[in-house]
Every structure is written in C-alpha cells, then in structure tokens.
Amino acid sequence: MAKSERKTVLVTGANGYIGNAVARAFVRAGWITYGLVRKAEARTVLNSEEIISILGSASDKSFVERLATQTRIGPFDVVVSCTEQILDYVPHFNDTIALLRNVAKASNDQGVRPLVMFTSGCKDYGMTGLHGSEGLELHTEDSSLNAPPFAIDRATHAVKIFDHADLFDAVVLRPTTVYGLTSSFYGPIFDIAKETAAEGILEISANPNSIMHGTHIDDCAEAYVAIAQTDREITKGQCYNISSHRYETLDQVAQAVVKEYSIENGVKYLPEPKTTGLDVVQMLFGFSQGVDSQKVRRDTGWKDRRQLFSEGLRTYKKAYEAAAELSNPSVERIQGYVKLAKDGNKQ
C-alpha cells in the first residue's frame, strides 16, 4: 500500500476564536490537524471537532520533547500561530518564536521544512479616511505600518518571523476584524442594541461614514487554508491581508441594527469621546479602515462567501445570543474588555 501524502498542520491557540476556526477549516480540507491548547478542559471540544488536541503553550515547550517520542505525531508541514497577548505582546512573542523554532527543528529532523503562518492584524496599518473622503485609499500589503498605540509592538515584531529562515518558511497574515458565530469584537453591537432598544434610540459616538471592514470568521479561516495549499514558492516571505469583498459603513451597520431591534427613533450620532486605554467598542465604531485583499485572491484563488455583517445581522445575532446563553468563553472575554473600558472611562 502506498504511503499517504496527506498533509499535517499544527494550530496554536486552537480553542480561540480565530485558531479554532482555522483548525476546523484545515479538517474540512482533509489535513491531519493538531491543535495546541493550554488547558486540559479545552481538549474535549477539540477532539469532538476531529482536531487532535495537544496540551502545551508558548511558555511551556515540554510538549515538543513529548512529541519527539510519539512517532504517530508530526512532522508538521504547516504550523499556524494564532495566539497573542496584545497588551503584553513582546514577552509572549518571544516565547512563541522559541516554540515555533523548537517545533520546526523537530520537523526538520524528520525531513520536513514547515511553513509557519503567523497571525497579526490589519490594524497594524492604522486608519484610512472615512467613506466618501477625498483620495480614500484602501490599505494594501505595501502600505506603511502606522499602528495605534496598543498594536505598535505587534506591528513591529510580527514581520520578524521572516528572520528564522534557517528553520522554516513564513507568511504573515493580517485579517480585518472578524465576525460570525460568537462574533468576537462585533459581539458588543448586539449587547448595545439590546440595552438601547427599550430607550427607543441608538446613540453612537462616531462618524456615520466610518469604515467597518470585517470578514466572516469562516471565510478568514478558509484563506489560511488557501495560502497553505498554494505553491510555497509563491507565498513564502509574503504578507497577506484578509478582508471581505467590500467594506460597510458604520451607518449601514447601524441602520441594520435599528431595523432588527425595531428601535423606534433610529440612530443618533454623537461626537467621539476622549477615551483612555483600549476601548473595544470605540475601536469597532470609530476606527475607520478599508483593507484591500486582492493579493491573497490573486495568489491563491480565495474568495469570501459569507454575508456581510449588515446583510446577515439576524443570523449573526442569533448565533451570538446562543453563544452567550452557553456562557461561551470568547463572549465572556470580550464582554470583560467592554466592562474594563467603561470602568476606565468613568475615572
């Protein structure tokens, strides 16, 4: 019997919002998919999704030694990094690099040079103009990096993944804000709408022409797979933006919310507030950014398929409410960020 040529991938942060979607996408594509998680209780869910769970973390790399003794695991053709500590980025980044090098060395020792897919984000470029503004240009991979304060360390460090060509090839991925399922940073929209529906008006402190360029989480994950399955001579050493086929404006999203929640007096736009720290709601509404993703479409043939947020809002609302009812950790984490920002701005 001929030896199987099926590819193998390791996804770090495989129980996280992006990481889990990426791992499930690789499973659907027929890859042997391993997921690295920090907590033992997360392994049950991964196993139920046919993701082979491995216990370990960036700061505890003993699992690499364990893998070396388990001949049924590895080597890895692709390693996808989907973890970050955005407010304490550098120490986690350094731990992640050490982990990736150890995993890559173990794979090299077995004759396989892996492709490392490193997740950053489109906010590394900073903001674009508003919808309708003169000379508006979407961010491309050639745009200069002009990250807001919270993302500066990520923007400057992510590209250092290319410094490790002695052990692996690399690509950097910069997704836009993602939505769908638990909705991640789009989730607070539903909480705000529910709170304000009874008051009869939706008040938003941002410009209605602010650009909201999201991507459905499953479309985003499929882009990772498309890159992994494209000729590596095309993709290695590249950065790729991941965004939906067009952007939405804040007003388009707000009007969809007003309609869905039957908010009698519509939406009212207020001046943007002066905030301290990382205000996730204000970043969603007021961080105007349009992102071009023609490069990944051209190189890999990927395209987004899911409805834009305003188009599928009712479906996304129901998915979010179900996740919240089930006390999904992703929902609770984002709600915690919102509360921290509110408490900080009251001081």
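These numbers were taken from a predicted model, which means no experiment stands behind them.

Caption draft 1: Main features of the overall build of the chain. The helix and strand inventory of the chain stands at 13 helices and 13 strands. For 347 residues, the compact-globule estimate of 2.2 N^0.38 gives 20 Å, and the C-alpha radius of gyration of the chain, at 20 Å, lies within 12% of that figure. With respect to the three principal axes, the spread of C-alpha positions in the chain is 70 × 45 × 40 Å. Sorting the 347 residues of the chain into buried and exposed places 53% on the buried side. Counting contacts in the chain only where the partners sit at least 6 residues apart, residues at least 24 apart contribute 78% of the total.

Caption draft 2: Structural context of the pairing of strand E2 (residues 32-37). Counting buried residues along E2, five of its six residues qualify, which places the element largely inside the surrounding structure. Crossover strand E1 (residues 8-12) to E2 through helix H1 (residues 17-28) is right-handed. When E2 meets strand E3 (residues 52-55), the two strands line up parallel, connected through four bridges. Bridge pairing links Val37 to Leu55 in E3. The β-α-β motif built from E2, the intervening helix H2 (residues 43-48) and the parallel element E3 has right-handed crossover chirality.

Caption draft 3: Structural context of the packing of aromatic side chains. Overall, the coordinates contain 12 aromatic pairs when judged by the stated rule. Ring centres 5.5 Å apart and planes at 70° place the aromatic pair Tyr179 and Phe309 in the edge-to-face group. With Tyr179 in strand E7 (residues 178-179) and Phe309 in the loop between helix H11 (294-300) and helix H12 (313-325), this pair connects stretches of sequence that are 130 residues apart. In this structure Phe309 comes out as buried when scored by relative accessible area, which is 0%. An aromatic cluster is defined as three or more aromatic residues linked by ring pairs; in this entry it consists of Tyr179, Tyr186, Phe190, Phe309, Tyr316 and Tyr320.

Caption draft 4: Representation of the pairing of strand E11 (residues 239-242) in the model. Alternating residues of E11 divide into Cys239 and Asn241 and Tyr240 and Ile242, and every residue in both groups is buried. Taken together, the four bridges between strand E6 (residues 169-175) and E11 define a ladder with parallel strand orientation. Residue Val172 lies in a different strand from E11, and its bridge partner there is Cys239.

Caption draft 5: Here's a closer look at the sheet that holds E3. Spatial strand order, E3-E2-E1-E4-E5-E6-E11: seven strands in an open sheet with parallel pairing. Sheet topology places E3 and E11 at the edges, where each strand pairs with a single neighbour. Adjacent strand axes in the sheet meet at a mean angle of 20° when their direction is disregarded. Lying on the sheet, H1 is in contact with E1, E2, strand E4 (78-81) and strand E5 (115-119); it crosses E1 at an angle near 170°. Docked against the sheet, helix H4 (residues 89-109) engages E1, E2, E4 and E5, running at close to 165° with respect to E5.

Caption draft 6: Quick peek at the state of the cysteines. One pass over the full model with this rule turns up zero disulfides. Cys220 provides the cysteine sulfur closest to Cys82, a residue in no disulfide bond, and the two sulfurs are 8.3 Å apart. Free of any disulfide, Cys122 has its nearest neighbouring cysteine sulfur in Cys220, separated by 9.4 Å. You can call Cys122 buried: its relative accessible area is 2%.

Caption draft 7: Local environment of H4. Helix length check: H4, at 21 residues, gives a terminal C-alpha distance of 30 Å against a target of 30 Å (1.5 Å per residue), a fit within 8%. Inspection of H4 places Tyr89, His92, Phe93, Thr96, Ile97, Leu99, Leu100, Val103, Ala104 and Ser107 among the buried residues, and these make up the whole buried set. Where H4 terminates, the next one or two residues include Gly111, which has phi positive at roughly 85°.

Caption draft 8: Local environment of unusual backbone geometry. Backbone geometry places Ser262, a non-glycine residue, at a positive phi of 50°. With respect to the secondary-structure elements, Ser262 resides in the loop between helix H9 (250-260) and strand E13 (267-269). Phi angles above zero are rare outside glycine, and Ser327 is one such case at about 55°. Checked against the element boundaries, Ser327 lands in the loop between H12 and helix H13 (329-346).

Caption draft 9: Just the environment of Arg113, in detail. Along the polypeptide, Arg113 turns up in the loop between H4 and E5. A residue is classified by how much of its surface remains accessible, and Arg113, at 31% relative accessible area, is partly exposed. Distance in space between the C-alpha atoms of Arg113 and His131 is 44 Å, their sequence separation being 18 residues. At 2.6 Å, the side chain of Arg113 and the backbone oxygen of Ala165 are in polar contact. At 3.3 Å, the side chain of Arg113 and the backbone oxygen of Phe168 are in polar contact.

Caption draft 10: Looking closely at the nonpolar core. Val11, Val22, Phe26, Val78, Val80, Met117 and Tyr224 are the most contacted members of the largest nonpolar core, which has 36 residues in total. Elements that contribute at least two residues to this core include exactly E1, H1, E4, E5, E6, helix H7 (217-228) and E11. Here this core takes nine residues from H7, the largest share from any one element. Apart from residues no more than four positions distant in its own chain, Met117 is found in contact with Phe26, Val78, Val79, Val80, Ser81, Val171, Leu173, Tyr224, Ile227 and Ala228.

The rules behind these values
- Residues numbered from 1 in each chain as written.
- Predicted model: local features only at pLDDT ≥ 70, side-chain atom pairs only at ≥ 80, totals over all residues.
- Heavy atoms only, no water.
- Helix = DSSP H or I, 4+ residues; strand = E, 2+ residues; numbered from the N terminus.
- Rg over C-alpha atoms; globule rule 2.2 N^0.38 Å.
- Buried < 20%, exposed > 50% of the residue type's maximum accessible area, 1.4 Å probe, protein only.
- Contact = heavy atoms within 4.5 Å.
- Right-handed = clockwise from strand over helix to strand, strands pointing away.
- Pairing = 2+ DSSP bridges.
- Phe/Tyr/Trp six-rings, centres within 6.5 Å; stacked < 30°, edge-to-face > 60°.
- Axes fitted to C-alpha atoms, helices over the stretch in contact; angles between N-to-C directions.
- Disulfide = S-S within 2.5 Å.
- Expected span 1.5 Å × (residues − 1).
- Polar contact = N/O pair within 3.5 Å; in protein donor to acceptor, adjacent residues only side chain to side chain.
- Core = buried A, V, L, I, M, F, W, Y, C linked by side-chain atoms within 4.5 Å.

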